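Letter by letter, the chains look like this.
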Amino acid sequence: MARILFAFGAGVVFAIGLLVAQMTNPAKVTGFLDITGRWDPTLAFVMGGALVVFGASWYLSRRPSARPVLEAAFQPPNAQVIDWRLVAGSLVFGVGWGLGGFCPGPALVSAGFGDARVWIFVGSMLAGMVGFNVATGRKG
């Protein structure tokens, strides 16, 4: 139960951060991605802040005395290969972000506001996830 509450709390804090940073506003996101037109650099500060928090957390988690709260030990990622699946997934993500103005987290937050365009995006995203699992024989 503690894991569920912790995950829910982290999700709420993340959603609030997305709202405050205006990452749920597709015009703000596409303005950031339009580097040859009227570029809006404000989301770069959001990303920079996220990198600072991640960097500090990663550094602190690498200390020998560091222990996670709800697990026995940290499990850092071990994948070190850049393959076609990673590149293709990155391209699909980038194209979807650029065309829709949403990435998955902000889209889920924005879905609560009832905009039909967001529901179409979220539905397409979920269909893509299910399609990938069916095509690769994965469950879940």
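Asks: Just to check I follow, could you spell out the nonpolar core for this structure?
Replies: Inside soluble globular proteins, nonpolar side chains tend to come together where they are buried. In this structure, Ala15, Leu18, Ala21, Met23, Val29, Phe32, Leu43, Trp97, Cys103 and Val109 together form the largest nonpolar core, which totals 10 residues. Sorting the residues of this core by element identifies α1 (2-20) and α2 (26-33) as the ones contributing at least two each. Apart from the residues within four sequence positions on either side, leucine 43 is in contact with Ala21, Met23, Lys28, Val29 and Phe32. Among the nonpolar cores identified, the runner-up in size contains seven residues, and Phe102, Phe121, Val122 and Met125 belong to it.

Asks: I would appreciate a short explanation of the layout of surface pockets in the present structure.
Replies: Using a probe with the size of a water molecule, rolled over the atoms, empty space left in the structure can be pinpointed. One number sums up the size of the largest pocket: a volume of about 500 Å³. Lining the largest pocket are 17 residues, and of these Gly89, Val92, Phe93, Met125 and Met129 lie nearest its centre. Among the elements of the structure, α4 (84-100) and α6 (116-136) are those that each provide at least two residues to the lining of the largest pocket. Around the second largest pocket sit Thr24, Pro26, Gly100, Phe102, Ser110, Phe113, Asp115, Arg117, Val118 and Phe121, which together line it.

Asks: What exactly am I supposed to notice about a nonpolar patch on the surface here?
Replies: A grouping of Phe8, Val12, Ile16 and Val20 is seen on the molecular surface, where their side chains present a nonpolar patch of about 410 Å² in accessible area. Note on placement: phenylalanine 8 falls in helix α1.

Asks: Any chance you could explain the pattern of salt bridges here in plain terms?
Replies: Counted according to the given criterion, the structure contains three salt bridges. Among the salt bridges present, the one from aspartate 40 reaches lysine 28, with a minimum N-O distance of 3.1 Å. You can see aspartate 40 sitting in the loop between α2 and α3 (42-61) and its partner lysine 28 sitting in helix α2, a full 12 residues away along the chain. Lysine 28 matches aspartate 40 in its accessibility class, with the two residues each being buried. The residue arginine 117 makes a salt bridge to aspartate 115 at a minimum N-O spacing of 2.7 Å. Aspartate 115 gets classed as partly exposed once you look at its relative accessible area, which sits at 26%.

Asks: Would you take a moment to explain the packing of helix α5 (residues 104-111) against α6 for this structure?
Replies: Any two packed helices are characterised by how steeply their axes cross, that is the angle between the axes, and by the distance between the axes. One way to put it is that α5 packs onto α6 with a least axis distance of 9 Å and a crossing angle of 130°. The orientation of α5 relative to α6 falls into the category oblique. Relative to α6, α5 is oriented so that their crossing is left-handed. Residue-level contacts link Pro104, Ala107, Leu108, Ser110 and Ala111 of α5 to Val118, Trp119, Phe121, Val122 and Met125 of α6. For the contact of α5 with α6, a count of residues per class yields nine nonpolar, one polar and no charged.

Asks: Any chance you could explain the packing of α1 against α5 here in plain terms?
Replies: Where α1 meets α5, the axes come as close as 10 Å, and the angle between the chain directions of the two elements is 90°. For the element pair α1 / α5, the angle class is roughly perpendicular. Contacts between α1 and α5 involve Phe14, Ala15, Leu18 and Leu19 from the former and Gly105, Pro106 and Val109 from the latter. Its residues assigned to classes, the contact of α1 with α5 shows six nonpolar, one polar and no charged.

Asks: Before we go on, may I ask you to explain the environment of methionine 47 in this structure?
Replies: Structurally, methionine 47 can be placed in helix α3. Sequence separation between methionine 47 and proline 26 is 21 residues; the distance between their C-alpha atoms is 16 Å.

What counts, and at which threshold
Residues numbered from 1 in each chain as written. Predicted model: local features only at pLDDT ≥ 70, side-chain atom pairs only at ≥ 80, totals over all residues. Heavy atoms only, no water. Core = buried A, V, L, I, M, F, W, Y, C linked by side-chain atoms within 4.5 Å. Buried < 20%, exposed > 50% of the residue type's maximum accessible area, 1.4 Å probe, protein only. Helix = DSSP H or I, 4+ residues; strand = E, 2+ residues; numbered from the N terminus. Contact = heavy atoms within 4.5 Å. 1 Å grid on protein atoms, 1.4 Å probe; cavity = no way out; pocket = protein on both sides within 12 Å on 5 of 7 lines; lining within 4 Å. Points joined across faces, edges and corners; volume = space filled by probe spheres on them. Patch = residues over 30% accessible without salt bridge, like charges linked within 9 Å, V, L, I, M, F, W, Y side chains within 5 Å. Areas by Shrake-Rupley, 256 points an atom, 1.4 Å probe, with all protein chains shown as cover. Salt bridge = Lys/Arg side-chain N within 4 Å of Asp/Glu carboxyl O. Axes fitted to C-alpha atoms, helices over the stretch in contact; angles between N-to-C directions. Parallel < 35°, antiparallel > 145°, perpendicular 65-115°, else oblique. Left-handed = near helix turned anticlockwise from the far one by under 90°. Nonpolar A, V, L, I, M, F, W, Y, C, P; charged D, E, K, R; others polar.

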